[in-house]
Amino acid sequence: MATGGLADTQALGAPDTRTRSIWLTQLVLAASVVIIGVLVVALRPSLFGVWNFVVGVLAIIVISVATLAAPWSRLPREAVLIVVFLDTLAIGLMASGTELRFGYLWVFPVMWVAMYFPATVLGAVLATIGVILLLDSTNAPDSNSALRIFIVLLSLGFIGITAHLAMRQMRALRRVLQRQAGRLAETLDRRSEQERRTNEILNGVDAGVARVSPGGSVLMVNDAYARLYGLDPRDASQPAKSVEYTGLRGMPVPLSERPLARAARGEIFTDARVWVFTGGGEWRVLSVSSKRLSGLGREDASMLLLAYDVTAITHAQRERERLSAIASHELKHPLTVMIGNADLALEDPDLSPRLRERLETILRASERVLEMTSSMLKSSRTAFEGRESYDDIDMRQIVVDSVDSFRPTASAHDVVIQLDVNEPLPATADGFRMRQVIDNLVSNAIKYTPRDGDVRIAGALDGDTVSLTVSDTGIGISAEDLPNIMTPYFRTSTAKDTASGTGLGLGITREIVAAHGGTLTIESDLGSGTTVTVKLPRFAPEKTDAGGKGS
Ligand code: ATP
Ligand code: MG
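Residues numbered from 1 in each chain as written. Chains lettered and ligands numbered in written order. Predicted model: local features only at pLDDT ≥ 70, side-chain atom pairs only at ≥ 80, totals over all residues. Heavy atoms only, no water.

Okay, the sheet that holds strand S12 (residues 519-525) next. Picture the strands of a sheet paired through backbone hydrogen bonds; they go either parallel or antiparallel. Taken in spatial order, the five strands make up an open sheet running S8-S10-S11-S13-S12, and their pairing is mixed. Each edge of the open sheet is held by one strand with a lone partner, namely strand S8 (416-421) and S12. With strand direction ignored, the average angle separating the axes of adjacent strands in the sheet is 10 degrees. Along the sheet, helix H13 (residues 431-447) contacts S8, strand S10 (454-462), strand S11 (465-472) and strand S13 (529-537); its crossing angle with S11, the most-contacted strand, is approximately 20 degrees. Running at roughly 140 degrees to S12, helix H15 (residues 505-515) makes contact with S12 and S13 of the sheet. (Pairing = 2+ DSSP bridges. Helix = DSSP H or I, 4+ residues; strand = E, 2+ residues; numbered from the N terminus. Axes fitted to C-alpha atoms, helices over the stretch in contact; angles between N-to-C directions. Contact = heavy atoms within 4.5 Å.)

Following this line, the structure appears as structure tokens:
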């Protein structure tokens, strides 16, 4: 109950808390009086002949109706005292002159004022009750009336004081709780402010920072990390869009060897190098380190991943090595000429000993320089090769990875994927592009195969040729459309009805295969399925296109 509260501004129609509390208190009294009325009708109907009892009952009902009608939200807080005093008088009427004493009903007004008004108001109500009892006793005086008045007032006073004190304690408790809630809110505010500042600092640094739980989930990332790995900084738990590779256009790093997985296992490492192909279509070299973070309070210990973008340094280093490789390669030729000529000159028997000695010195010095240039060339060969030639890759691994990534899509389409590659398929090729080839073919096979169909991927090594076939039991392509399907943007009408697409995938696929010196052939029957065969030389010839890797 909150009848003591100030009038609130109210939304139209709905009564405020104070009004509802006033109604409730008054209606409980009214309900008690009505029940008494019913019992009196049943057990002592003669009481209805006593005028003041009837008037008292009616008064309570009238007061209750008026209470329901009064606009309490607009009236001052004290206005409710009118109801209290009128109730007191009405109960007085019911109680006096009847042999049954209904005085216990005074508990209602007494509790009401005790809980919501100062003790003086309680005193005034008790005094009113005292006067009523006194008047009643003058009507029918007897020897016990003084004692009766005393006992009734004492009991009511005791009940009132107890209610008053209990309410005071409750209010004090409420104030303490409110203060504590306020302090808690302040602390929370301060904490989120600190968190915001920490995030601001973290987002200000160039290095990618991520916090990883021991279970391997990413708890937090800064902007730089999100950018490098193609993550949503607001929901770092989503899988990263960028894939990590062992080298430029190399093989994808196996899942268990990725820095995130290693950190989740609790491994502490520094300068783990990975290449990522970012969502922005750029290759970046990252130097990733991990550190252990001790747990705070109930929080478990977690791991911190720091990823530095070392692309520029790596390129500069490779460039330097490349230059020194070129320089030593170019020096080899004149040095060989010098050594050859010195050797020839030394064969002349007429040489004076002094000249012979000089020529031998030149020969020894030239041989030393030649040795030095050879070792320089050897040490820079790796840099040269990483940049200039394909990687040694296993096509089977690429096919397995690709098929694994398509399994969820296939099962969503109720298409069964069968993988038939029984041996490793080593090749020297661009691992990144090869993954693109397999992805495009497998994606088409699943996309253009209706429910309950099959897709089979087979691979075999045939001498120096790696051959891969992707066959499906799907919609197929008519003989008429078959010559056109490599044309950019061309899509058969059945394909358009089956799935969405741009009509570019196959053309790009064929280009990549051709750049590796391979062939791509398609056989298809409308309505019964398609088989795409890719044949690649194990050692792809050197690239000649501008974006490629000629030696
Ligand atoms: P996206 O560029 O998104 O891959 P797409 O799948 O339509 O779109 P392509 O992969 O280039 O484009 O394929 C060109 C067309 O060749 C397809 O639209 C489809 O008509 C036909 N096609 C390719 N693969 C199959 C297949 N396995 N079964 C039936 N039709 C195919
Ligand atoms: Mg396609």
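Its identity as a non-glycine residue notwithstanding, Asp271 has a phi of 50 degrees, on the positive side. Considering the arrangement of structural elements, one finds Asp271 in the loop between helix H8 (259-264) and strand S4 (272-277). On the basis of relative accessibility, which here comes to 39%, the residue Asp271 falls in the partly exposed class. Residue Asp452 is not a glycine yet carries a positive backbone phi of 65 degrees. With respect to the helices and strands, Asp452 occurs in the loop between H13 and S10. Since its relative accessible area comes to 65%, Asp452 is described here as exposed. (Buried < 20%, exposed > 50% of the residue type's maximum accessible area, 1.4 Å probe, protein only.)

A few words now on the site of ligand 1. Around ligand 1, 20 residues are found, and the nearest of them are Asn444, Tyr448, Arg491, Thr502 and Leu506. In the environment of ligand 1, an oxygen atom lies 3.0 Å from a nitrogen or oxygen atom belonging to the backbone of Gly503. In this structure, an oxygen atom belonging to ligand 1 sits 3.0 Å away from a main-chain N or O atom of Gly505. Looking at the shell around ligand 1, the elements that each hand over two or more residues are H13 and H15. When residues of the shell around ligand 1 are assigned to their parent elements, the largest contribution, three residues, is made by H13. (Near = heavy atom within 4 Å. Polar contact = N/O pair within 3.5 Å; in protein donor to acceptor, adjacent residues only side chain to side chain.)

The domain architecture assigned to the protein chain consists of domain 1 (17-179), domain 2 (205-309), domain 3 (315-380) and domain 4 (390-537). Inter-centroid distance (C-alpha atoms) of domain 2 to domain 4 is 31 Å. Overall, the association of domain 2 and domain 4 removes approximately 730 Å² of surface from exposure, summing both partners, and the carbon and sulfur fraction of that is 63%. Together, Arg249, Met251 and Pro252 form the three largest contributors to the area buried by domain 2 at its contact with domain 4, with a combined 66%. (Domains from an automatic or database assignment. Buried area = accessible area lost by both parts, 1.4 Å probe.)

Next up on the list: the nonpolar core. Grouped burial of nonpolar side chains is what soluble globular proteins tend to show. One finds Ile60, Met94, Phe102, Leu105 and Val113 to be the most contacted residues of the largest nonpolar core, which totals 43 residues. Every element with two or more residues in this core is listed here: helix H1 (17-43), helix H2 (51-69), helix H3 (80-95), helix H4 (107-116), helix H5 (119-139) and helix H6 (145-204). Looking at this core element by element, the count peaks at eight residues for H3. Other than its neighbours up to four places away in sequence, Met94 contacts Val33, Asn52, Phe53, Gly56, Val57, Ile60, Phe102 and Leu105. Ile438, Ile457, Met486 and Ile522 belong to the second largest nonpolar core, which has 37 residues in total. (Core = buried A, V, L, I, M, F, W, Y, C linked by side-chain atoms within 4.5 Å.)

Packing of H4 against H5 brings their axes to within 8 Å, and their N-to-C directions diverge by 165 degrees. The angle between H4 and H5 places the two elements in the roughly antiparallel class. For the crossing formed where H4 meets H5, the hand is right-handed. Facing Val110, Val113 and Ala114 of H4, the residues of H5 in contact are Val121, Leu122, Val125, Leu126 and Ile129. For the contact of H4 with H5, the per-class residue count stands at eight nonpolar, no polar and no charged. (Parallel < 35°, antiparallel > 145°, perpendicular 65-115°, else oblique. Left-handed = near helix turned anticlockwise from the far one by under 90°. Nonpolar A, V, L, I, M, F, W, Y, C, P; charged D, E, K, R; others polar.)

Once that is clear, we can look at the sheet that holds S4. Within the open sheet, the six strands sit side by side as S2-S1-S6-S5-S4-S3. Their pairing is antiparallel. On the outer flanks of this sheet lie strand S2 (218-221) and strand S3 (243-245), each paired with one strand and no other. For this sheet, the mean inter-axis angle between neighbouring strands, taken without regard to orientation, is 35 degrees. In terms of strand pairing, S4 meets strand S5 (residues 283-293) through six bridges, oriented antiparallel. Bridge pairing in S5 places Trp275 opposite Val285.

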